[in-house]
Structure formats: C-alpha cells, structure tokens
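Chain by chain, the residues run as shown.
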Amino acid sequence: MSVAMKAPGRYVQGFGERKNLGKSIRKLGEKFYFIASPGGYRRNGEEMMQIIRDAGKEVVFGEFHGETTKEEVFLHMEELKKAGCDAVIGMGGGKVLDTAKAVAENLGGIPCVTMPTVASNDSPCSGVAVLYNEQGVVIKALMMRRNPDLVVVDTEIISRSPARQLSAGIGDALATWYEQRACERNHVKTMARGTVTETVSAMCRLCNDLLLRYGKEALDGVKRGQYTEALEKVCEAAILLSGIGFESGGLAAAHAVNDGLAQEPQAHGAYHGEKVAFGLVTQCVLEHMEEKELHALLSFMRDVDLPMTLEQLGVREIHEETLRRAAEMAVVPTQSTRNLREGITAEEVYEAMLRADQIGRTFLGKES
Ligand SMILES: [Zn+2]
C-alpha cells in the first residue's frame with residue numbers, strides 16, 4: 001500500500017495573529033461568511049469583522065446555535081448563498097469549526113478558514129467534520145475533499161481561554177503518538193487513504209516531546225491568565241501536529257474508548273480530550289505497557305490535570321452494564337481499537353477499562 005498524508009493549506013500561529021487576518025485571506029475570497037457563537041462574537045467577532053472590512057473585503061455574520069447538526073449546516077449554507085459569499089470562516093471551538101468545514105465541503109469545496117479560540121481538540125487542521133444529532137450523539141464524520149485552506153491560531157486569545165480546555169487539548173494530543181505508532185506497526189490505512197509516512201511519524205514523536213517539555217508550564221501560565229512561550233509550543237503540538245497526526249497517523253484504542261464512553265451518561269460532562277486521556281491509559285493496559293513507561297505517562301497526566309480514573313471523568317458509580325456497553329461500542333468493526341491488534345474483544349476492553357481505573361486510583365493514592 002502507498003503512504004499518504006493530508007494537511008491544511010497554510011497554518012499560521014502567533015501572539016495577536018488575528019490582526020493579520022486581512023492579509024492572510026487576500027486570495028481566498030471577496031465576500032466572507034463568518035460563523036461564531038453569540039459569546040464568541042461578543043468576545044472577538046466585532047473586531048474580526050472590522051479587520052476583514054479593513055482589508056477591502058465584505059463579510060456577513062452567521063450565528064452558531066450550539067450543535068453541529070445537519071440542520072445547522074444547511075441553515076448556514078442557505079444564508080451564505082443568499083448573501084452571495086464565496087468563502088467561509090469559522091471562529092470558536094471545535095463544533096463551530098466543524099460547521100464551517102461542513103458548509104465549505106457541501107458547497108463544492110469553497111475556501112475555508114478555521115480560527116480556533118481554544119486548543120481543546122484536533123478540529124482546526126483536519127479535513128474531517130463531525131456531525132451530531134440534537135441530542136449530541138455523533139451521526140457522521142464528513143470527509144472534506146481537502147483540509148482547511150487556512151488555519152489561524154492567535155495564541156493571545158488561547159492564553160485567555162479556560163485552563164481546563166487547554167488541559168483537554170493536551171490529553172487529545174497526548175494520545176496521538178501512542179495511537180499513531182500502533183497504526184504504523186500494523187500498517188493501518190489512515191484517513192489520508194494510505195499508510196503512515198515517515199514525516200507524520202516524526203511529527204507525532206515531536207508532538208509528544210513538545211507536550212512533555214512544555215505542557216505544564218503552558219498550562220500553569222494559562223491558569224494565571226498569562227501568555228508564555230511554552231504556550232506557543234503546546235499550541236503547535238495540540239493544534240498542528242496532533243491534527244495532522246490523528247488524520248494521517250491513525251487512531252487506535254484511546255479514541256475508540258472515548259467514543260464508547262458516550263454510552264455512560266455520568267461522563268457526559270467530560271471533554272473529548274479528557275475521555276481520550278482515560279482511553280489512552282486503557283490502551284496502555286491493552287498494550288501491556290511496561291510499568292516504568294506507564295508511570296512516566298501518569299506523572300505527566302497528573303501534572304497537566306488530566307483524568308486517569310472513571311471517577312475523575314464524572315463516573316461516581318460504576319455500573320457494569322453501562323461500562324460493558326461502552327466496551328462493546330469500542331470494538332464494533334468501524335472502530336479503531338482493531339488498529340491496536342486484530343481480534344480485541346469487548347471483554348478485553350471492559351477488563352482494561354477497569355484495570356486502567358484501578359491503576360489510576362492507585363497512582364493517585366486513593367485506593368481504599
Ligand atoms: Zn481527538
């Protein structure tokens with residue numbers, strides 16, 4: 001099989017980078033459709049609309065209503081067409097960006113710009129948009145013909161985002177290398193429709209290095225509401241490297257367990273990256289990781305406030321039935337657990353989740 005990778009057209013990151021948006025979008029369109037939530041609009045929207053106008057372009061605002069549903073995407077497509085826009089910008093969290101990406105794709109692949117205001121997930125750089133139903137359950141992953149044309153990361157904005165969001169982003173990015181190396185070992189075909197390139201393999205290792213070296217410092221800075229150079233490194237890891245890493249490096253059990261945990265209502269308050277972090281410990285159990293390596297991983301997770309027990313995910317009472325259902329969902333044929341090793345059963349995943357929980361509790365000294 002051939003090797004393959006995908007990436008955004010241009011990635012730009014820096015303190016106050018939003019102010020350069022006019023220059024960055026010069027060749028991408030004449031009239032932009034700008035999607036943000038009401039809160040996002042209040043914080044940055046007005047300023048962004050003015051920056052776009054100052055660049056001699058027209059812009060129309062489209063309000064995001066909270067969930068990336070088919071209806072939401074269609075509504076924005078209609079508004080965009082009615083206004084005669086020729087490009088779309090999404091500014092906000094993963095769901096706003098995914099809406100912009102789905103709109104661009106459904107309109108034949110018009111130019112698409114993503115501007116993350118949090119570093120909590122992998123959406124900005126990827127060519128995948130996840131669609132949900134009204135209840136917030138995943139119904140479809142829409143593949144774009146190409147990744148966003150431009151990704152603008154303003155680290156000044158991210159330095160003011162909630163620390164827990166950054167912690168979750170570190171969790172999502174932390175799993176990248178472990179999942180990718182499993183996929184590489186097993187010659188898995190990734191979402192880039194080929195096996196893993198050496199390039200992406202190196203990017204995933206770098207992603208891990210940057211997180212371990214700068215993760216805690218960046219997070220501590222954000223907790224104080226302070227911008228740090230460390231935050232630049234962590235954003236590059238969590239947004240650029242992890243974004244390319246999951247798409248062109250492949251996913252394994254950590255993300256499958258995250259998806260499975262949708263079955264556990266008690267965990268609904270946990271962020272994607274937090275559930276992925278617990279999924280990562282589960283994956284380590286399934287891989288029979290050496291104690292020393294696992295211990296180092298858990299130490300880092302504790303340093304950056306990542307959950308490693310079910311209780312930390314909000315699961316106060318463990319119900320065997322629910323947890324078994326989560327494990328079953330993690331091994332359905334479309335799931336990425338099989339990228340770790342063929343033939344992993346729901347029973348194994350169930351046992352591994354319980355073991356991961358126990359390891360986490362022991363590590364935190366909460367074993368009763
Ligand atoms: Zn993820």
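Refer to the structure above for everything that follows.
Our subject in this report is the structure included herewith. Remember, predicted model here, so these are calculated numbers, not experimental data. For every chain, the first residue of the written sequence is number 1, and numbering continues from 1 onward in sequence order. It should be noted that, the model being predicted, local features are given only for residues of pLDDT at least 70 and side-chain atom pairs only at 80 or more, the latter also being counted only at that level, while totals for whole chains, interfaces and linings use all residues. Think of the side-chain values as coming from all heavy atoms in the structure, minus any hydrogens and water.

### Things to note about the pattern of salt bridges
Rules: Each salt bridge in this description consists of a side-chain nitrogen of Lys or Arg and a carboxyl oxygen of Asp or Glu lying within 4 Å of one another. Comment: elements are numbered from the N terminus, with helices defined as DSSP H or I runs of at least four residues and strands as E runs of at least two. Classification of residues uses two cut-offs on accessible area relative to the type maximum, computed with a 1.4 Å probe and protein chains only: under 20% is buried, over 50% is exposed, and between them is partly exposed.
Per the counting criterion, the structure on display carries 25 salt bridges. Between E67 and K95 there is a salt bridge, with its nearest N and O atoms 2.8 Å apart. Residue E67 is located in the loop between strand 3 (58-63) and helix 3 (70-83), and its partner K95 is located in helix 4 (residues 94-106); the two are separated by 28 residues in the primary sequence. According to the relative accessible area criterion, K95 is partly exposed, its value standing at 30%. Residue R361 pairs with D357 through a salt bridge whose shortest N-O separation is 3.2 Å. Taken together, the residues span about one helical turn, with R361 and D357 both in helix 13 (residues 346-363) at a distance of 4 residues. Taking relative accessible area as the criterion, R361 reaches 27% and is therefore assigned partly exposed. For D357, a relative accessible area of 3% corresponds to the buried category.

### Regarding the packing of helix 6 (residues 163-185) against helix 8 (residues 229-249)
So the rule is basically this: Throughout, an axis means a line fitted to C-alpha atoms (over the contacting stretch in the case of helices), and angles, computed between N-to-C directions, take values from 0 to 180 degrees. An angle below 35 degrees is read as roughly parallel, one above 145 as roughly antiparallel, one from 65 to 115 as roughly perpendicular, and any other as oblique. Left-handed describes a crossing whose near helix is turned anticlockwise from the far helix by less than a right angle; the clockwise case is right-handed. Any two residues whose heavy atoms approach within 4.5 Å at even a single point are treated as in contact. Throughout this entry, Asp, Glu, Lys and Arg are counted as charged residues, while Ala, Val, Leu, Ile, Met, Phe, Trp, Tyr, Cys and Pro are counted as nonpolar. The remaining residues, Gly among them, count as polar.
Close contact between helix 6 and helix 8 brings their axes to 9 Å; oriented N to C, the two are set at 40°. Taken together, the axes of helix 6 and helix 8 are oblique relative to one another. For the crossing formed where helix 6 meets helix 8, the hand is left-handed. Across the interface between the two elements, L166, G169, I170, D172, A173, T176, Q180 and C183 from helix 6 touch L231, V234, A237, A238, S242, G245, F246 and G249 from helix 8. Taken together, the residues of the contact of helix 6 with helix 8 sort by class into 9 nonpolar, 6 polar and 1 charged.

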